[in-house]
Amino acid sequence: MRDTVTPLAAAIHLEHVSKVFGKAGTDSAYRAVDGLDLDVRPGQMLALLGKTGCGKSTIFNMIAGLTEPSSGTVRVSGRDPFREFDSFRGKMAIVFQSDRLLPWRTAIQNVELGLEMLEVPAAERREKAQLWLTKLGLGGHENDYPHALSGGMRQRVSIARAFATNANILLCDEPFSALDESTAGRLRAEFVRLVKENGKTAVFITHSISEALEIGDRIVVLKRPAKIAYDVSFDADTGREERELIRSRIGGVLAE
Ligand SMILES: Nc1ncnc2c1ncn2[C@@H]1O[C@H](COP(=O)(O)OP(=O)(O)OP(=O)(O)O)[C@@H](O)[C@H]1O
Ligand SMILES: [Mg+2]
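These lines cover the structure that appears in this document, whether it is placed above or below. (Residues numbered from 1 in each chain as written. Chains lettered and ligands numbered in written order. Predicted model: local features only at pLDDT ≥ 70, side-chain atom pairs only at ≥ 80, totals over all residues. Heavy atoms only, no water.)

### Observations regarding the site of ligand 1
Lining the immediate environment of ligand 1, one finds 13 residues, of which Thr 52, Gly 53, Lys 56, Ser 57 and Thr 58 sit closest. A distance of 2.9 Å separates an oxygen atom of ligand 1 from a polar backbone atom of Ser 57. A distance of 2.5 Å separates an oxygen atom of ligand 1 from a polar side-chain atom of Thr 58. When ligand 1 is considered free in solution it has 630 Å² of accessible area, and contact with the protein chains removes 60% of it. Looking at the shell around ligand 1, the elements that each hand over two or more residues are β2 (30–40) and α1 (56–63). Of all the elements, α1 adds the most residues to the shell around ligand 1, at three residues. (Near = heavy atom within 4 Å. Polar contact = N/O pair within 3.5 Å; in protein donor to acceptor, adjacent residues only side chain to side chain. Areas by Shrake-Rupley, 256 points an atom, 1.4 Å probe, with all protein chains shown as cover. Helix = DSSP H or I, 4+ residues; strand = E, 2+ residues; numbered from the N terminus.)

### As for helix α2 (residues 107–117)
Within α2, eight of the eleven residues are buried, which leaves it mostly tucked inside the rest of the structure. Each element contacted by the buried residues of α2 is listed here: α3 (122–135) and α4 (151–164). Of the residues flanking the end of α2, it is Glu 119, one or two places downstream, whose phi is positive at about 60 degrees. (Buried < 20%, exposed > 50% of the residue type's maximum accessible area, 1.4 Å probe, protein only. Contact = heavy atoms within 4.5 Å.)

### What to know about α1
Counting buried residues in α1 gives six out of eight residues, a clear majority hidden from the surface. When we look at burial in α1, the residues that qualify are Lys 56, Thr 58, Ile 59, Phe 60, Met 62 and Ile 63. Phi turns positive one or two residues past the end of α1, at Gly 65, with a value near 80 degrees.

### Notes on the packing of aromatic side chains
Applying the stated rule across the entire model yields six aromatic pairs. Their ring planes at 65 degrees and their centres at 6.4 Å tell us that Phe 60 and Phe 96 sit as a pair that is edge-to-face. Highlighted residues: Phe 60 in helix α1 and Phe 96 in the loop between β5 (92–95) and α2, separated in sequence by 36 residues. When its relative accessible area of 3% is taken as the criterion, Phe 60 is described as buried. Both rings, one in Phe 176 and one in Phe 204, keep their centres 5.8 Å apart while their planes meet at 45 degrees; by these two values the pair is tilted. With a gap of 28 residues between them, Phe 176 in the loop between β6 (169–173) and α5 (181–197) and Phe 204 in strand β7 (residues 201–206) connect regions that are remote in the sequence. In this pair, the class of Phe 176 matches that of Phe 204, namely buried. (Phe/Tyr/Trp six-rings, centres within 6.5 Å; stacked < 30°, edge-to-face > 60°.)

### Observations regarding the sheet that holds β5
An order of β5-β6-β7-β3-β8-β9 is seen for the six strands of this open sheet, with the pairing classed as mixed. In the strand order of this sheet, the two ends are held by β5 and β9 (227–233), each with one partner. The mean inter-strand angle of the sheet, taken between neighbouring strand axes irrespective of direction, is 15 degrees. Bridging between β6 and β7 involves five bridges; their strand directions are parallel. The partner of Leu 170 across the bridge, within β7, is Ala 202. (Pairing = 2+ DSSP bridges. Axes fitted to C-alpha atoms, helices over the stretch in contact; angles between N-to-C directions.)

### Comments concerning the pattern of salt bridges
Inspection of the entire model under this criterion finds 19 salt bridges. Between Glu 116 and Arg 105 there is a salt bridge, and its shortest N-O distance comes to 3.0 Å. Residue Glu 116 is located in helix α2, and its partner Arg 105 is located in the loop between β5 and α2; the two are separated by eleven residues in the primary sequence. Assessed through its relative accessible area of 16%, Arg 105 is described here as buried. For Glu 112, the salt bridge is made with Arg 125, and the minimal N-O distance between the two is 3.2 Å. Taken together, the residues Glu 112 in helix α2 and Arg 125 in helix α3 connect sequence positions 13 residues apart. Among the residues examined, Glu 112 registers a relative accessible area of 4% and is labelled buried. Judged by its relative accessible area of 19%, Arg 125 falls in the buried class. Ionic contacts of the salt-bridge type, sharing partners, join the residues Glu 68, Arg 75, Asp 80 and Arg 83 into one network. (Salt bridge = Lys/Arg side-chain N within 4 Å of Asp/Glu carboxyl O.)

Written as structure tokens, this is what we have:
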């Protein structure tokens, strides 16, 4: 089942998007994304799933405005994220695969970073950062430096930083893949709850079928070169049996 939504109503809109690395028409040219059409509606949690090298991060970088598409249209809330990069400050938050905390700043100072860029006054910044650290179970660790925190704690600081800016679009590129399964599972559940509670739109990249099923209310499976091979939406009413069917379909698509 393919989601259809008008471009203007979509939080994220990709139309005939291609990305070619290297010089087009030469032997070194590599088409990482090929004519991709994808719309994400506001409030949706999309899990983007695919094998290594299929183009997930390339798509992610185009949505985040870090990479320009070779052709096609990318719109986030109706705007071009690459050409209007500055207008997205505070509207889009990113959680990367590695935590990307600044080692010379404490946990709370790292969370405050995004708010500083938005020029939020100091007292309000501190209050918001404190609130999000507490929500993520890091009360008491505000003044710890990243090296003194475990990987899971550092990743929670990154999530706190992303949520504190109040951005309504969240992009996550395999944020839990470096963690042990039980920590990752806990953070996943926390993450889904926070996204839903705060009515955010999220794109979550993963190469794990189980993670996609836990995170997404929609799963898009990509096949090299970043073409949609399977697109499925489900909700809390989707029963166990149906979920297992979806799991085996995805497994089948990825094995092709
Ligand atoms: N800057 C670049 N220059 C040249 N080729 C690139 C560049 N970035 C990515 N590619 C190529 O594009 C393809 C897709 O890469 P991408 O990083 O998007 O994959 P991915 O799905 O995120 O993989 P992974 O799961 O390993 O993170 C790969 O073949 C990669 O080698
Ligand atoms: Mg990647």
